[in-house]
Amino acid sequence: MSNLSERVHLFDRLAKGWAIFRENLLGKIGLTLLVLFALMAVASFFTPLFGPMYDPMTGVDPLISHATGPGWRHWLGTDFIGRDIFTQLLEGAKIAFMVGLSAAFISIVLGTIVGMLAGYMGGFVDMLLMRLADMIMVMPSLLILLLLAALFGQLNIWLIVLLIALLRWPGVSRVIRAQTLTLKERPFIEAAKVAGASHIRIIFRHIMPNVLPLSFLYMTFRVTSAILVEAALAFLGFGDPSQVSWGMMLQWVWKTGHMFQAPYWLLPPGICISLITLSFYMLGRAMDEVLDPRLRKEEFSE
Amino acid sequence: MELRKFILRRLVEIGVIFFVILTVLFVLFRIAPGDPVARMVDPMWTPEDVQHVISQLGLDQPIWTQYLYYLKNFFGGNFGISFHYGEPVLDIIWKRLPNTILLFTTSTILAALAGVFLGKIAAWHKGRKSDTWMTLGALVCHTLFVPWFALMLVWILGYKVGWFPLNGIISPEVWVRGNSNFLVKGLDVIHHMLLPLMTLFVIQTGSYLLLMRSSMLGTLKEDYIVTARAKGLTEKAVRNHHAARNAALPVITSVGLSLAFSINGGALTETVFTWPGIGKELVFAVSNNDYPLAQACFLLIAAVVLTANLIVDVLYAYLDPRIRY
């Protein structure tokens, strides 16, 4: 298995994958929406250019100090103390991506390593790791986070990201383990063992590249659940108070009793949360068709 | 015989998991910043009450003895006194549990039935307009943000149109007036339950529809479907009795697996609608720093989740003999 043939093979697979992806309408819709949200997140970096009045957290309009509807000065209106809702929405997009992608990334790194180890080592290590995964997977993550917030006080956003990742890796590890188990029996692994490769080398050099596409597929689903959990946590009032996330915006609408009077405030964050979850999910399902070995005949690198 | 061994093994596993959770909670409550004693004993009580509860819960003992007290109290049903309500925690959660079970099981069963039924149809018509719309609808429903959707329903159906009450489980007027009979009271509860039920139902049906659809798509590729058709069975018979019956099995396990996620949604729904259930109590207890109540609610939910998983596993093993290893 030379390096050149590996690379050509990989490029070939990517090209084929893209062709399949392009056929999928839902995937395209999902991708388009995600690009839109990404643009929102990027735009949030530029809001300071419009003046301190538009700061999502501390922006104060000298003329308005209560909730008002959409207008020229504030495209989506203002919240209960006169802050611009549109910039808050943009900021929320940034936080959603930040939280979603980092939590998902950490959880798939953990899940992949655990899955590969469990699948490859087998025996006691396997049993122990999978029991642990079962235990974590069964518990409702939001409630665990709530309890932790109660005991340890207000949680910082990065701590929330880490905790979400720690609660979410089991799902990935099961799939990776199953994949590793099938890969383990393949001739090229035997060949590597005969050639004297150490276990570490086999795991990271031979098994991991074949397992990674699956990891990344499941990353999209991890992103959705991470965003939802963070939003729910913020909604209940246990998010990071220094971050204006969409969940936090919903909390403000709810707690200040504006939910019936201010649709321009209630609707945008909720729609955004649901929509970004939907687009990641559609993207994930489209990628599933590209990557799932059950849905098409897949040739592993040999 | 095989089934009985399977059930026994699962019971033992679940018991171990619950034990671990109990212990982890014990440790967490003691390593959290602040005085661990203040976590079970409200400093606002009189010194005699404080001392009484401390000795009852064994909080003045060394850590190992405390652990034994903790276990003994747990199995004896003594969870301490709620700071917020001033009553024993056991009484409170005992009163709340039926509400949660009522809401949750009704919505899950209805959603599972609807999801399986619709998913079966969607998979059967794959590629056609009806399938595309159903799948898109299911995707949207599945990814709705629970508290937001709940707020929307309250706003539109409760506030604007006034068809449904805004919160709670009962209207005090109906229940306090002496002449209301059981039927009227029952209808009142149902009236209050419809909005939270709708919230959970819509979202869960979306998930189950998607599950059933993909499961069915896989089943339809199987050889026995070709055989059934070759035998001359009507399309309806093939769809319902051969494909759907087998496709429904993975959906059942998924009910168990997605239980954790559903419970998150359930707690959020209860909070928004102020439905007096365990989820809402947990959220409120955490907000009020009512540690004994929060701990008990959490343990109860954990127990319910584990039990539900056990039931689902046993049901699946009963229905599909292949997995009884």
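Residues numbered from 1 in each chain as written. Chains lettered and ligands numbered in written order. Predicted model: local features only at pLDDT ≥ 70, side-chain atom pairs only at ≥ 80, totals over all residues.

Asker: Is there a simple way to think about the overall build of chain A in this case?
Answerer: Tallying secondary structure elements over chain A gives ten helices and zero strands in all. Listing the helices and strands of chain A from first to last along the sequence gives α-α-α-α-α-α-α-α-α-α. A fraction of 73% describes how many contacts in chain A between residues 6 or more apart in sequence connect residues 24 or more apart. (Helix = DSSP H or I, 4+ residues; strand = E, 2+ residues; numbered from the N terminus. Contact = placed C-beta atoms within 7 Å.)

Asker: Explain the packing of helix α7 (residues 146–160) of chain B against helix α9 (residues 182–219) of chain B here, please?
Answerer: To describe two helices that pack against each other, one gives the angle between their axes and the distance between the axes. Residue and element names in this part refer to chain B. The contact between α7 and α9 brings their axes to 10 Å, and the two run at 135 degrees. In terms of axis orientation, α7 runs oblique to α9. Relative to α9, α7 is oriented so that their crossing is right-handed. The segment α7 lies against α9, with V146, F149, A150, L153, V154, L157 and G158 engaging L195, M198, T199 and I203. (Axes fitted to C-alpha atoms, helices over the stretch in contact; angles between N-to-C directions. Parallel < 35°, antiparallel > 145°, perpendicular 65-115°, else oblique. Left-handed = near helix turned anticlockwise from the far one by under 90°.)

Asker: Looking at this structure, I do not really get the interface of chain B and chain A. What am I missing?
Answerer: When the parts of a complex come together, some accessible area is lost, and that lost area is often taken as the interface size. The interface is formed by 34 residues belonging to chain B together with 31 residues belonging to chain A. Within the residue set of the side of chain B that touches chain A, elements represented by two or more residues are α1 (2–31), α6 (129–142), α7, α12 (259–273), α13 (278–287) and α14 (291–319) of chain B. Looking at the side of chain B that touches chain A, its residues break down into 28 nonpolar, six polar and no charged. (Nonpolar A, V, L, I, M, F, W, Y, C, P; charged D, E, K, R; others polar.)

Asker: Looking at this structure, how should I read the environment of M282 of chain A?
Answerer: Positionally, M282 of chain A belongs in helix α10 (residues 263–291). Each C-alpha atom of the pair M282 of chain A and I29 of chain A lies 7.7 Å from the other, and the pair is 253 residues apart in sequence. What M282 of chain A contacts, discounting residues up to four positions off in sequence, is L26, G27, I29 and G30 of chain A together with L139 of chain B.

Asker: Hey, could you run me through helix α11 (residues 235–257) of chain B in this one?
Answerer: Side chains of residues three or four places apart in an α-helix project in the same direction, reflecting 3.6 residues per turn. All names here are of chain B. Under the 1.5 Å per step criterion, the end-to-end length of α11 is 32 Å for 23 residues, consistent within 8% with the ideal 33 Å. Where α11 bends most, the angle comes to about 45 degrees, and this point is A244. All buried positions along α11 are accounted for by V238, R239, H242, A243, A244, A247, A248, V251 and V255. Of the surrounding elements, those touching the buried residues of α11 are α5 (89–124), α9, α10 (223–230), α12 and α14. (Expected span 1.5 Å × (residues − 1). Bend = angle between axes of the 7 residues up to and from the residue. Buried ≥ 20, exposed ≤ 12 C-beta atoms within 10 Å, placed from the backbone.)

Asker: Whenever I open this one, the nonpolar core confuses me. Can you help?
Answerer: If you look at soluble globular proteins, the nonpolar side chains tend to sit buried side by side. The biggest cluster of nonpolar side chains holds 160 residues, and the ones touching the most others in it are L146 of chain A together with L282, A294, C297, I301 and V305 of chain B. Counting residues per element, this core draws most heavily on helix α8 (residues 199–235) of chain A, which supplies 19 residues. If near-sequence neighbours (up to four positions away) are discounted, V305 of chain B is found in contact with V138, M139 and P140 of chain A together with L259, A260 and I263 of chain B. (Core = buried A, V, L, I, M, F, W, Y, C linked by C-beta atoms within 7 Å.)

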